[in-house]
Amino acid sequence: MGGLSIWHWIIVLVVVLLVFGTKRLRNAGRDLGEAVKGFKEGMRDPEKPAGQIGDERRSEEKAESERDRAQH
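## Points about the overall build of the protein chain
Then comes step 1: Of the regular secondary structure elements, the protein chain holds three helices and zero strands.
Then comes step 2: Relative to its full complement of 72 residues, the protein chain shows a buried share of 6%.
Then comes step 3: Roughly 6600 Å² of accessible area belongs to the protein chain as shown, and the carbon and sulfur atoms make up 61% of that amount.

Put into structure tokens, the structure is as follows:
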């Protein structure tokens, strides 16, 4: 009755993948990463309202995706 072994964690991982699917988990990971990035930006520049930080990031991402399309 100790901790969970590696086999328990593998079974949990397989069940989670079956229930949620890889695409949904990938999107959740991306959303979590963006939230952490926004938090860090907010901590660096406390003078800007949170809405402005998100707007700047979206415009940067849009410009970056347009550059990627132009290269391909």
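## Some points on the confidence of the model for the protein chain
Then comes step 1: Scored by pLDDT, the protein chain comes out at a mean of 79, with 65% of its residues at no less than 70.
Then comes step 2: Within the protein chain, helix H3 (residues 50–71) has the poorest average pLDDT of any element, 64, and helix H1 (residues 6–20) the best, 91.

## Structural notes on the environment of His-8
Then comes step 1: Locating His-8 in the fold gives a position in helix H1.
Then comes step 2: In terms of polar contacts, His-8 uses its side chain to reach the side chain of Ser-5, at 3.0 Å.

## A closer look at the packing of H1 against helix H2 (residues 22–44)
Then comes step 1: Where H1 meets H2, the closest approach of the two axes is 6 Å, and the angle between their N-to-C directions is 95°. The angle between H1 and H2 falls in the class roughly perpendicular. Facing Val-16, Leu-17 and Phe-20 of H1, the residues of H2 in contact are Thr-22, Arg-24 and Leu-25.
Then comes step 2: Considered class by class, the residues forming the contact of H1 with H2 number four nonpolar, one polar and one charged.

## Description of H1
Then comes step 1: For H1, with 15 residues, the first-to-last C-alpha span of 21 Å sits near the 21 Å given by 1.5 Å per residue.
Then comes step 2: Positive backbone phi, approximately 80°, marks Gly-21, located one or two places after H1.

Each value, and the rule that gives it
- Residues numbered from 1 in each chain as written.
- Predicted model: local features only at pLDDT ≥ 70, side-chain atom pairs only at ≥ 80, totals over all residues.
- Heavy atoms only, no water.
- Helix = DSSP H or I, 4+ residues; strand = E, 2+ residues; numbered from the N terminus.
- Buried < 20%, exposed > 50% of the residue type's maximum accessible area, 1.4 Å probe, protein only.
- Areas by Shrake-Rupley, 256 points an atom, 1.4 Å probe, with all protein chains shown as cover.
- pLDDT = per-residue confidence, 0-100.
- Polar contact = N/O pair within 3.5 Å; in protein donor to acceptor, adjacent residues only side chain to side chain.
- Axes fitted to C-alpha atoms, helices over the stretch in contact; angles between N-to-C directions.
- Parallel < 35°, antiparallel > 145°, perpendicular 65-115°, else oblique.
- Contact = heavy atoms within 4.5 Å.
- Nonpolar A, V, L, I, M, F, W, Y, C, P; charged D, E, K, R; others polar.
- Expected span 1.5 Å × (residues − 1).

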